[in-house]
Every structure is written in structure tokens, then in C-alpha cells.
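Residue-level listing of the chains:
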Amino acid sequence: MPIIMTRKQHGRRARKKRQRDCRETTVQSVTLSPEPQFVALRRWLQQRGFSSKLLVPAHFSDTGRGLMTLQPIKADDLVISLPEKCLLTTSTVLRSYIGEYIERWKPPVSPLLALCAFLISERHFGQRAEWKPYIDVLPQKYTCPAYFSDEVINLLPGSLSGKALEQRAVVQELHSSSLDFFSSLQPLFSQPVESVFTYDALRWAWCSVNTRTVYMEHQHSPYMSRERNVYALAPYLDLLNHCPAIQVKASFSHVSRCYEIRSVQGCKRFQQAFICYGPHDNQRLLLEYGFVAPGNPQSVVYVDQVILQQCVCITDINQLAQKLLFLKKNDFLANLTLSLDGPSWRLMTVLRLLSLKTEQYPFWKSVLLGAVVSQDREEWSVDAALRLCNYLMVDNTRALDKISQLTERADASLKEQLAVVECLRREEQVIMGLNQEMLQSLQKQVLPSRQNSMHNLV
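The rules we used
- Residues numbered from 1 in each chain as written.
- Predicted model: local features only at pLDDT ≥ 70, side-chain atom pairs only at ≥ 80, totals over all residues.
- Heavy atoms only, no water.
- UniProt positions renumbered as here; feature names shortened; annotations may be inferred.
- Helix = DSSP H or I, 4+ residues; strand = E, 2+ residues; numbered from the N terminus.
- Phe/Tyr/Trp six-rings, centres within 6.5 Å; stacked < 30°, edge-to-face > 60°.
- Lys NZ or Arg CZ within 6 Å of the ring centre and 35° of its normal.
- Buried < 20%, exposed > 50% of the residue type's maximum accessible area, 1.4 Å probe, protein only.
- Polar contact = N/O pair within 3.5 Å; in protein donor to acceptor, adjacent residues only side chain to side chain.
- Contact = heavy atoms within 4.5 Å.
- Expected span 1.5 Å × (residues − 1).
- Arc of directions from axis to C-beta.

Labelled according to an unreviewed UniProt entry, the chain appears under the name SET domain containing 4, originating from Hucho hucho.

In C-alpha cells form, the structure reads like this:
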């Protein structure tokens, strides 16, 4: 009996129940409109052709800053329309005081570096900066892994910790490889550029671009590298938070020359207006945006090869190595997951392949088609999946205990980072708990052989 048939109904109910969280949970909100930085931002945007009587900035008890509706939004209504003059793109940068330096620099800088250099410069110039009203509302720090210490990265699930280290290394490499370009900007500054374009400054700018830009394709400029130029920082619009259950239509309109977001489902009055950043699981959201979405129906727990090796009961090391090599060569070891629906088809297929005895190897293609080789091999696969679950649950509990200990003596910045990691771990704990229940239930059942069982084919 295939596992997917016994878990779907339970998983779907759990997924739907958790999917409602971002829209139906009771949330407290406080308007931020009277605060000086938002008064200045709205006035500055109004001078550039933007005004919004529909959305106002507010602080929400569940997400922090966001945009609140003052009127009901109906399906297909325009949520926000931000004029092109309000968008910060590489075209903006090339027209600025940095433009001539970028045009002279060889080899050409990347679109990302151009935007980062401009943000750092504008923040440094303070009152003299044209984009000061926008700079003033940007976060001072982020909870992306680029800001994490080794201690915090080690608290992430194994599948994510490696990517976190890669992200931090990417920012470090960008800074070290851009020092000569930064030096070329010295005529613009009275202070040494080394004190302006620090690693901390670049990390802040990189995270600002990475977490807050909207997708917008641009024509290639001869003064930019060949990397894809799809960045646009969108003041005010970028206050819209993510909810996985929300659907919107977002794009730059070449008719109105505005970046427009249109609602698909609508939104009630005095509620937070959400958009969806994409069908991302929580590990992806934490890596790219520095937050976790509670009740995210897209969320999964990843099983990597190291965990797989530790949890399968194959005593013959050479046989295990051969099986893993076969799986790796055929690209079976990527994207093995546990979700609210239970173990993924891919994970269970890998476990079934690992379960095969030597004389059953010729039937591996039939396993890929869903055939059950034998009763005892199916039971072995379920047992292995449960061991994986239990192993991950123990690791998760240890991480949560460590987070609790560190939080007691952490400063405000570290507490924010630990809170995000803790949220991820607790969300994954729910998924693993559901999987444990499903697999334990299967263990208690008699797993009947299929009519097309490979036992009948031998």
C-alpha cells in the first residue's frame, strides 16, 4: 500500500488549518503614519507623483512593520501603483553623482554592486542625500544569515547551515573584490573610502537589495556587467509583507509607467495588506529574506545524505556506499523532504531503493514506477522513514535548548537572530511531529502487498 494514499487527507487538513494563520489570527496594530520618518517619506514620494489613500504604514504584533488598509480591497483592485520616478534602479544610479565613475570603471561593475555602492553613499551623505527619506526607513540591520555568527549558523538545520555559510562568503567576496572600485570613488568623499565602504556597510546594502527589491527587467547597459539586471528598490511598496496564502499580480506597467500590484482575493478594511514573495518554504524565506512564515503550507524539512546514512540500517558499508553512489549518479539524493503531507514520494522512493537486497536490484526501475518489491522491504522503508523523523526531532530539540540558553545572555541584535532561528525550528518540529504520527500509524497496520507486487514477478 503506497504511503501517499494513507496520509493525504490528514496532511491536507493540517495544511489548510495552518494556511489560515496570516489572515485570520487576531492581530493588534498601531499606525506609524505620524512618525517623522514616514511623514517625510510620504511627502518625498508625493513630490515624485505617488500618493496612497488606501494604505498606511503600521506596526503589527505578528509581523512588525507593514501596510494597513483604510478601505476594503476587492478582488482585482489595484493595491498600489508606484511611479517609475520612485523606483531606485541602476538607471537611477547611472544618472547620479556615482554614474560617471561607474561608466569609467573597467571591467564593468555588476548591477548589484552599483546599487550597493549608491545605497552606502546615500546613507553616508545623510542630510545631503537625495534618497534620505527612503534610507531613513530601511532597517539598520537584518536577520539574514549574512549577519549570523558561526554560533548562530550552527543552530540552523544542516541543509540550511551550508547555504548560510555560502551567503556570508558571497558578501565577503563581493567586498574584498570591490575594494579597488570603492577606492576610485574617493573624490566624492572627504573621509577615506575605507571608512565609508566597510564590510558592515556593504553587508547592510547587500541585504537591503536582496530582501527588498521587486523583480523588474532592464535593458542591458554597456556600463554594467552581463549579469542579469532585474533589481528595483520600491519605497513604501516594500513595506508589504509576505503571506503564502495570498495571491497578487505584480509587474511594471509600460502603459502607466508604474510598478503595480493588483489583488486577486481582496482584503478587509483595517487589516494588513499582504503580498506573496513566491511559493517558498521557510528555509528559503529565512535565507533570502531573514524571516519565517508561521503556518507556511510550502514548508518542508530537508533530509540530506549525511542524515540518510546515519538512519538507514545497512551494516555492509561497501553495499551502502554503492547504493548511495548509484542514487547520486542518478540525481536521486536531492530534494528529499518531509512535509505536512508526510514523507515525499522522492524520499520514500530512495528508501525503497536502499532497502533492496542484492537479488532484487534488477527491479529498481519498477520501484521508480511505484511497485512494491516485497512486504518486508516496504516495512523496512517505513521503519527507516520513522528513524529519520526521530533523528531530526532529537536534533531539533537540542537546537531549541541551545537557543534558549543563548537567548538568556544575548544582546538585542542576537536575540532577533535567535528568534528567527527558533521560529524555523518550531515550525519544522510541527512537521516532524505530524510525520511521526503518520509513520507510527503505518507501522501498526499490516502493509498488504499490491497485486503487482514484485514478489509475484520473481
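There is more to say, and it comes next.
According to UniProt, the "domain: SET" (unreviewed entry) feature falls on residues 48-278. Its end C-alpha atoms 29 Å apart, residues 48-278 is made of 34% helix and 17% strand.

Now for the packing of aromatic side chains. Taken as a whole and assessed by the stated rule, the structure comprises 15 aromatic pairs. A ring pair is formed by tryptophan 131 and tyrosine 134, whose centres lie 6.4 Å apart and whose planes are at 70°; its orientation type is edge-to-face. Three or more aromatic residues link up through ring pairs in this structure, and these residues are Tyr97, Trp105, Phe118, Phe125, Phe181, Phe182, Phe189 and Phe197. A cation sits over an aromatic face here: arginine 104 above tyrosine 101, 4.9 Å from the ring centre. Residue placement shows arginine 123 over the ring face of tryptophan 204; its charged tip is 4.0 Å from the ring centre.

Moving on, we come to the side chain of glutamine 417. Inspection of the secondary structure assignment puts glutamine 417 in helix H19 (residues 412-444). You can call glutamine 417 buried: its relative accessible area is 6%. A distance of 3.4 Å separates a polar side-chain atom of glutamine 417 from the backbone oxygen of tyrosine 147. Other than its neighbours up to four places away in sequence, glutamine 417 contacts Thr143, Tyr147, Phe148, Ser149 and Val152.

Look at helix H3 (residues 36-47): 17 Å from first C-alpha to last across 12 residues, which is about the 16 Å you get at 1.5 Å a residue. Residues of H3 that are buried: Phe38, Leu41, Trp44 and Leu45. Relative to the axis of H3, the buried residues are bounded by an arc of 125° and lie together on one face. Seen from the buried face of H3, the exposed residues on the opposite side, beyond 90 degrees, are Pro36, Gln46 and Gln47. Its buried side turned inward, H3 meets strand S2 (55-60), strand S3 (64-69) and helix H7 (132-135). Of the residues one or two after H3, glycine 49 is the one with positive phi, at around 100°.

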